[in-house]
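Chain by chain, the residues:
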Amino acid sequence: DTPTSDMKVGIIGSGLIGQSWAMLFASAGYQVGIYDVEIEQVKKALQNIEQQLLDLEEQGLLRGNLNKQEQRERIAAASTIGDCVKGAFYIQECVPERLDIKKGVWGEVDKIVNVDVIMASSSSSLLPSKISDNLKHRNRFVVSHPTNPPFYAPLVEIIPAPWTDDDVVPTTKSLLERIGQVPVVLKKEIDGFVLNRIQYSIIGEAWRLINDDIISAEDLDKVMSTGLGVRYAFMGPLETAYLNADGMKSYIERYAEMIYRIQTSFGQPLPMGGKTGDKIQKELESYVCPVERVTERRQWRDKRLAALAKLKKEMDKG
Ligand code: NAI
């Protein structure tokens, strides 16, 4: 069953991702308890959330039917991990990507939760089986891996462990849909999940093309931002292929042989670093910005992602 919106969600870790999850759940009306091992950090997180809600309101991008104040009031700082998860039907852990830290946190939570809770980790690479293997409630464990920034890139990968109960994935999926995210389900765990496997295959080929002096870093980035990426903002590689021919069968007839020939020329991946790393860094400093100015450039990025999110929302309505 889809959880109703008066229920409570517990967020553990109030950094970048914890703050985003808190806002997303609050926007759909959920009561949110947020905890951090650093007490000062929770205070900072709540201030950031306040500011972000203000910005979203100004841009007309506030989610859900509640106003800024109503959303803010749904998020409360918890002073202990016990307070945070007490009464929560769903717990989203957002602590640093280190197995020892995640295991420590979940070990504590495991002692105090009910048998029907859902225990979700934001892990971006640690496998659910590795984090949860020793837990008493490991059958309630799942990874819900968000995409950064979660407000504008709504994809969430849901990855069960081999022992995850059958109801956990569908309930998590409907909860995430309810808060306006776009969940996809991996049927079983795999290193890198799916988003990063695809991302790393793109980085791998980009690295090779620059390493072999075929193209500059700046032009390589343009291939994505003005070519492939323009289509990918609206559809995936499979639909792209489908539309580029008269369906997949016709695409295969026309292109499969050539694609396979090129794919077999990819060879072993090159480790990132060395001279090519230095060369790419230098180029990026010149065509993007010096490292000291990346905060400004992130604002430039987020402004564009926000505008795209708005456009996509409007187009999907029509
Ligand atoms: P972050 O470093 O911004 O926040 C982590 C927070 O956890 C900090 O506030 C820290 O004080 C707190 N923390 C550390 N130990 C703790 C403990 N024992 N109990 C409670 N809180 C504790 O990290 P970020 O970026 O928010 O990442 C969190 C998780 O989300 C990681 O697993 C990361 O891989 C994943 N993720 C991150 C993405 C990103 O782009 N930043 C994207 C998708 C997933």
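In the annotation of an unreviewed UniProt entry, the entry for the protein chain reads L-gulonate 3-dehydrogenase, and the organism field reads Patella caerulea. In the Subcellular location (unreviewed entry) part of its UniProt record, the protein chain is described as follows: "Cytoplasm". As its UniProt record puts it under Sequence similarities (unreviewed entry), the protein chain is described as follows: "Belongs to the 3-hydroxyacyl-CoA dehydrogenase family."

Trainee: Before we go on, may I ask you to explain the site of the ligand in this structure?
Mentor: Lining the immediate surroundings of the ligand are 24 residues, of which Gly 13, Gly 15, Ile 17, Glu 97 and Asn 148 lie closest. Elements with a contribution of two residues or more to the shell around the ligand: helix 1 (16-27), helix 5 (99-112) and strand 6 (141-146). When its residues are assigned to classes, the shell around the ligand shows 10 nonpolar, 11 polar and three charged.

Trainee: Looking at this model, I keep getting lost on the confidence of the model for the protein chain. Mind explaining?
Mentor: Averaged over all residues, the pLDDT of the protein chain equals 96, while 99% of them reach at least 70. As a predicted assembly, this complex carries a pTM of 0.95 together with an ipTM value of 0.99.

Trainee: Which parts of the structure should I look at to understand the sheet that holds strand 5 (residues 118-121)?
Mentor: Taken in spatial order, the eight strands make up an open sheet running 3-2-1-4-5-6-7-8, and their pairing is mixed. A strand with exactly one partner marks an edge of an open sheet, and here the two such strands are strand 3 (75-77) and strand 8 (182-185). Each strand axis lies, on average, 25° off the axis of its neighbour in the sheet, ignoring direction. Where strand 5 meets strand 6, three bridges bridge the pair, whose relative direction is parallel. Looking at the pairing, Met 119 lines up with Phe 141 of strand 6.

Trainee: Can you help me understand the UniProt feature "coiled-coil region" (unreviewed entry) in the protein chain in this one?
Mentor: With numbering matched to this structure, UniProt assigns "coiled-coil region" (unreviewed entry) to residues 32-59. Note that residues 32-59 is 75% helix and 14% strand, and that its end C-alpha atoms are spaced 24 Å apart.

Cut-off values and rules
- Residues numbered from 1 in each chain as written.
- Predicted model: local features only at pLDDT ≥ 70, side-chain atom pairs only at ≥ 80, totals over all residues.
- UniProt positions renumbered as here; feature names shortened; annotations may be inferred.
- Near = placed C-beta within 6 Å.
- Helix = DSSP H or I, 4+ residues; strand = E, 2+ residues; numbered from the N terminus.
- Nonpolar A, V, L, I, M, F, W, Y, C, P; charged D, E, K, R; others polar.
- pLDDT = per-residue confidence, 0-100.
- Pairing = 2+ DSSP bridges.
- Axes fitted to C-alpha atoms, helices over the stretch in contact; angles between N-to-C directions.

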